[in-house]
Amino acid sequence: MSPLIGIAKMAAESPLLEAKRRVAYFELQGKSLLNRCSGQRKIFDWTVNPYRGCEYGCRYCYARYTHEFMELPVEEFETRLFAKTWDEATWRRDLRQVKPGDTVAFGTATDCYQPAERRYGLMRKMLEGLAGRTGMRLTITTKSDLITRDIDLLTELARRNRVWIFLTITTMNAELARRTEAYAPRPDLRMEAVAELARHGLDVGVSASPVLPWLTDREESLAAVARAAREAGARTLHARPLFLRDSAWAVFLPWLEREFPHLAGRYRERYRRGAYVDPAYHDWLRERVDRIRARCGLDNRADDFLLHRPTQLSLFA
Ligand code: SF4
């Protein structure tokens, strides 16, 4: 076996911070919490992911590849978690690179408000470090109602910056959510968080992404999310089909074969070309979501903060 290098070496040498019944936390030394995006197809200017791995363990999670970078099994994405080292001076120094108009996305490869956040408070520290900044475009995507803890900081930031918050709610069916997103807060708790954020005047939307073919793509299912979102005060709804890169497929397919065996063959067929659903399904879903959105008076302002670039909105899982 070749010696580990880079982030894989750092991960292997990380000190254990705490071991819970299902999850162990480690500390990961890193140069910066702020990651500059590059390339023509970039969606954001910067991304911020204070944790590596995610305790919510959604069966469809696309972000498991981040554990592959550390040469760890993708299954450990939800049990072997890394909190990045916090250093306030470094965070403030790095923020000087963010120019007015830049889009900074929190939570593109982890959930920033997963249970680890109660212990480490990295989101809160980073938001405190943003105080006084103006003209930025910030997006936060989460499945956690813990985000309401930071309403004071978020409302303050929203006075001088554009702040979009998305709660990911793929279904209002608690039983189905328990199977697909076993360790995430219940959908009704997430929707209460939407209402609480909206009551404080924050621009909040609901992401029903990823939409799972035959599981969450029925008209009634998506319409139930849209109606509840509207009633809670959300302005935006987006819903894009499941994106299944190899690392996600490796966990999703065995789970599907156990839980919904009658769907396994249909998924193999639908994803026969690779990580993306076939274009016909994509168009069919877009029409369905457009119709539901219009009926419920919701918009699709995801396009606004996505810099009008080609998108992979299943990023907002
Ligand atoms: S889909 Fe999001 S919330 Fe679920 S495990 Fe992945 S990063 Fe966490």
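It should be noted that the structure appears before, not after, this text.
Residues numbered from 1 in each chain as written. Predicted model: local features only at pLDDT ≥ 70, side-chain atom pairs only at ≥ 80, totals over all residues. Heavy atoms only, no water.

**Student:** Even after reading the chapter, I still don't get the overall build of the protein, so can you show me in this structure?
**Tutor:** For the protein, the helix and strand inventory stands at 13 helices and 11 strands. Whereas a compact globule of 317 residues would reach a radius of gyration of roughly 20 Å, the protein reaches 19 Å, a difference of no more than 12%. Oriented by its inertia axes, the alpha-carbon framework of the protein measures out at about 50 × 50 × 40 Å. Looking at the protein residue by residue over its 317 residues, the buried ones come to 56%. Carbon and sulfur atoms form 49% of the exposed surface of the protein, whose accessible area is close to 14000 Å². The positive charge centre, built from 52 side chains, and the negative charge centre, built from 42, are 2 Å apart in the protein. (Helix = DSSP H or I, 4+ residues; strand = E, 2+ residues; numbered from the N terminus. Rg over C-alpha atoms; globule rule 2.2 N^0.38 Å. Buried < 20%, exposed > 50% of the residue type's maximum accessible area, 1.4 Å probe, protein only. Areas by Shrake-Rupley, 256 points an atom, 1.4 Å probe, with all protein chains shown as cover. Lys, Arg positive; Asp, Glu negative; His and termini not counted. Charge placed at Lys NZ, Arg CZ, Asp CG, Glu CD.)

**Student:** Any chance you could explain the pattern of salt bridges here in plain terms?
**Tutor:** If charged atoms from side chains of opposite charge come close, those side chains can pair. As enumerated under the stated definition, the model contains 28 salt bridges in all. For glutamate 259, the salt bridge goes to arginine 179, with nearest N and O atoms at 2.8 Å. Of this pair, glutamate 259 sits in helix H10 (residues 246-259) while arginine 179 sits in helix H7 (residues 174-180), placing them 80 residues apart in sequence. Owing to a relative accessible area of 30%, glutamate 259 belongs among the partly exposed residues under this scheme. (Salt bridge = Lys/Arg side-chain N within 4 Å of Asp/Glu carboxyl O.)

**Student:** Even after reading the chapter, I still don't get the environment of leucine 237, so can you show me in this structure?
**Tutor:** Mapped onto the elements of the fold, leucine 237 is located in strand E11 (residues 236-238). Spatially, the C-alpha atom of leucine 237 lies 26 Å from that of tyrosine 51, the residues being 186 residues apart in sequence. If we skip the residues at most four places from it in the chain, leucine 237 touches Val206, Ala208, Val225, Ala226, Val289, Arg293, Leu298, Asp299 and Asn300. (Contact = heavy atoms within 4.5 Å.)

Keep in mind these numbers describe shape, not what the thing actually does.
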